[in-house]
Each structure stands twice: as C-alpha cells, then as structure tokens.
Amino acid sequence: MQNYQFDQFIFDPADGRLGRVDEAGDVHLRPQAGSLLLHLLEHPQTVLDRETLCHAVWGPDAVVDFESGLAALLREIRQALEKLGGDARLIETVPRRGYRLRAEVGRASENAPPNNKTPDNKSPGHAVWIVATLVILAAALVWWRSEPPPVPAARPYQLAILPLERFGDPDYPPAQAGILLADGVLAALWRGELEHLELIGRAGMRPYAGREDVVSAIAADLDVDLLIEGSIRADSGQWQVDLRLLAVPSGRVIWSQTVDGNDPALPVSDIAGTLVDRLRQDWPRLRESLDSG
C-alpha cells in the first residue's frame, strides 16, 4: 500500500492516518473524509467539481445531502491539517468551480525494501551524485531568494439563505412565497457574481428548517460565514418583506432591509434585486470586516 506525501504531511489511505513528515503528530480521518482526501491527492493542482468529489466519496447511486455532507468532510480535513500545524488553505475552494489541492504530491511505499549498501560499498558515482545535488540545491536557493513571496489566496466566504417565514393572511401571498423569494435572492446573487462569495443552495439548508439553533447548527456543519433570513407579513392585500443579513456563528445582525407594497403578485425579482444591490454595495466593506476577523 502506498502512502502519499504532500507539503509537510504523509497520508496512509489504508487506515486514514494523516501525519507529519517529522512524525510530530497524526490524526485519523473518518473513512469518508479519507476517501475525499485520497481523491484530491490523486489529482493534485487540479480543480475538481463537487459532483466528481461526491461520486468519489459516496458513489453515483447514493442518496445523501451532498452539499452539507461534502462541506462537513472538507471542514474535517482542513481542521486536521491545522491541528497538525499546517495550513487549511492547502485545500482551496475555487468559487463556482470546485476544490483543488494546492500541493505537490509524491508516493512512497510503506514497505519499501531497506538499502543494503554500507558506507564501504559506495560506488564511484556516489560522490558525483552528491556534488550534483548540492549544485542543484544552490541554484534553487538563488532562484527562491530572487522570487517574490507568493501572495496568499483570498479566502472565499459562504452565504446561505433560509426560506422566509410567513405571517398574517394565510392566502396572500401564496404559501410557497417564502421559498420562491429565497430562491429568487439566491439566483440574483448567483448572477451578481460577487468576488470570493460562495452560495449554499436551498437543498443544503433543508435539514435545518424549523430549528431554533439554526445559526449555530449551520456554523458547525456547513462552515457558513453569512446567513440571510427574514419574514413576509401580509394583511388586506398589502405585504411587507423584512430581510436580515447575519454574521455566523455569532448571529449578529449586519444589516436589515424592508420592502413593502400592495401588488397583486409578490414581485420576487424586484425584491431580490433590491437585496442584491444592497449586498453588492456593502460587499467590499463587509469582506474587509470578515478578513480582519
């Protein structure tokens, strides 16, 4: 069985052990997290879409919540890297594309035969090999010192949207208005293509519907940074939509937006556009706040 070496780590797919090259510590990943890491290691420096990774972990016929399941596995691997003193950004999130392992990967057999040569058995070419290695290392050092340090990749942030709660008139707007409006906002944000913002679809939020601890739950399971929630109130043909942008996991309200009217049909696209315009206007400042922690 071959082990995989990348950055300062060694991964053994046989038992899911992720350890440091210097043997300073190790972590055992769950089987699904190990399968995900193995697939990333087999395709280093390559952007792999979510569907490809889900099939690699669960197979094509499994019926699971891929969005939340994949997010949880990625979080487990990143936390393991950080626990061992590494950088979680080795696994890069490429917005609207997928994920990429940002490291060179080598393979080494755990049961490789030992070298039977003793110092007395060194061949004449051994010294030549050492000199050549030193020359290469010196050249690499000169090149490294002349190159500017790499710029860290910008961190992507994740935003989720909850279906809006309805209050007041049970017949207006329609019963599905809260879901339709959440989907409308999601679609408008997708078209807006805000830099370094990832969106989690309604399917990924389904397990959290009706939970009182929804903010802490999605923070723990989905690694979400921002959450949009709100409500629709209707009375005598008039409606009011209240939308709030929350910081996760604190639940702090970053801003609140209210839109009202008396249209016969709830103008989903107009309301979604208003919210997206507000978020686009605030996004540079909001990103700076998130980057600073």
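Model, not experiment: these values are computed from the prediction.

Peer 1: Teacher, can you tell me more about the overall build of the chain here?
Peer 2: Broken down by element type, the chain carries eight helices and 13 strands. Counting over 293 residues, the chain shows a buried share of 40%. For the chain, the accessible area works out to roughly 16800 Å², and carbon and sulfur atoms hold 52% of it.

Peer 1: I tried to follow unusual backbone geometry on my own but got confused; where do I start?
Peer 2: Glycine aside, negative phi is the norm for most residues, and most peptide bonds take the trans geometry. Of note, Asp7 is a non-glycine position whose phi angle comes to about 50 degrees, a positive value. Relative to the helices and strands, Asp7 resides in the loop between strand 1 (2-6) and strand 2 (9-12). At Glu23, a position not held by glycine, the phi torsion is positive, near 60 degrees. For Glu23, the location among the structural elements is in the loop between strand 3 (17-20) and strand 4 (26-28).

Peer 1: Could you clarify how one ought to interpret helix 1 (residues 31-42) in this entry?
Peer 2: Since the α-helix packs 3.6 residues into each turn, any two residues three or four apart lie on the same face. Look at helix 1: 16 Å from first C-alpha to last across twelve residues, which is about the 16 Å you get at 1.5 Å a residue. Along helix 1, the residues classified as buried are Ala33, Gly34, Leu36, Leu37, His39, Leu40 and Leu41.

Peer 1: Would you mind going over a nonpolar patch on the surface with me for this structure?
Peer 2: A cluster of nonpolar side chains, namely Ile130, Leu134 and Leu137, defines an oily patch on the protein surface of about 280 Å² accessible area. Take Ile130: its relative accessible area is 36%, and that puts it in the partly exposed class.

Peer 1: Would you explain the nonpolar core in this entry?
Peer 2: Generally speaking, nonpolar side chains in soluble globular proteins are found buried as a group. With 34 residues, the main nonpolar core has Leu159, Leu189, Ile228, Val241, Leu245 and Leu279 as its most contacted residues. Those elements that place two or more of their residues in this core are strand 8 (157-161), helix 5 (177-192), strand 10 (197-200), strand 11 (226-235), strand 12 (238-247), strand 13 (253-261) and helix 8 (268-291). Per-element accounting of this core gives the leading share, eight residues, to helix 8. If we skip the residues at most four places from it in the chain, Ile228 touches Leu159, Ala160, Ile161, Leu162, Val185, Leu189, Leu243, Arg244, Leu245 and Leu275. Grouped together as the second largest cluster of nonpolar side chains are 29 residues, Phe11, Leu53, Leu74 and Leu90 included.

Peer 1: So what exactly am I meant to see when it comes to the environment of Ala247 here?
Peer 2: Here Ala247 shows up in strand 12. Ala247 sits 23 residues away from Val224 along the chain, and the two C-alpha atoms are 9.0 Å apart. Setting aside anything within four residues of it in sequence, one finds Ala247 in contact with Asp225, Leu226, Arg252 and Ile254.

Peer 1: Explanation requested: the pairing of strand 1 in the structure shown.
Peer 2: Consecutive side chains along a regular strand alternate between the two faces of the sheet. With three bridges joining them, strand 1 and strand 2 adopt antiparallel strand pairing. Residue Phe6 lies in a different strand from strand 2, and its bridge partner there is Phe9. Linking two consecutive strands that pair antiparallel, namely strand 1 and strand 2, is a turn of two residues; a positive phi of about 50 degrees is found at Asp7 within it.

Peer 1: What's the story with the packing of helix 1 against helix 2 (residues 50-58) in this structure? I'm lost.
Peer 2: Helix-helix packing is described using two parameters, namely the angle between the two axes and the distance between the axes. For the pair helix 1 and helix 2, the least separation of the axes is 9 Å and the interaxial angle reads 130 degrees. In this view, helix 1 runs oblique relative to helix 2, as classed from their interaxial angle. The chirality of how helix 1 crosses helix 2 is right-handed. Here Gln32, Leu36, His39 and Leu40 of helix 1 come into contact with helix 2, specifically with Thr52, Leu53, Ala56, Val57 and Trp58. For the contact of helix 1 with helix 2, the per-class residue count stands at six nonpolar, three polar and no charged.

Peer 1: For this particular structure, what's the right way to read the confidence of the model for the chain?
Peer 2: Close inspection of predicted coordinates is inappropriate for parts of the model with low pLDDT. Taken as a whole, the chain shows an average pLDDT of 78; of its residues, 77% reach a score of 70 or greater. Across residues 111-123 the pLDDT falls below 50, and counting only partners more than four positions away or on other chains, this stretch makes zero contacts in the model.

Rules used in this analysis
Residues numbered from 1 in each chain as written. Predicted model: local features only at pLDDT ≥ 70, side-chain atom pairs only at ≥ 80, totals over all residues. Heavy atoms only, no water. Helix = DSSP H or I, 4+ residues; strand = E, 2+ residues; numbered from the N terminus. Buried < 20%, exposed > 50% of the residue type's maximum accessible area, 1.4 Å probe, protein only. Areas by Shrake-Rupley, 256 points an atom, 1.4 Å probe, with all protein chains shown as cover. Expected span 1.5 Å × (residues − 1). Patch = residues over 30% accessible without salt bridge, like charges linked within 9 Å, V, L, I, M, F, W, Y side chains within 5 Å. Salt bridge = Lys/Arg side-chain N within 4 Å of Asp/Glu carboxyl O. Core = buried A, V, L, I, M, F, W, Y, C linked by side-chain atoms within 4.5 Å. Contact = heavy atoms within 4.5 Å. Pairing = 2+ DSSP bridges. Axes fitted to C-alpha atoms, helices over the stretch in contact; angles between N-to-C directions. Parallel < 35°, antiparallel > 145°, perpendicular 65-115°, else oblique. Left-handed = near helix turned anticlockwise from the far one by under 90°. Nonpolar A, V, L, I, M, F, W, Y, C, P; charged D, E, K, R; others polar. pLDDT = per-residue confidence, 0-100.

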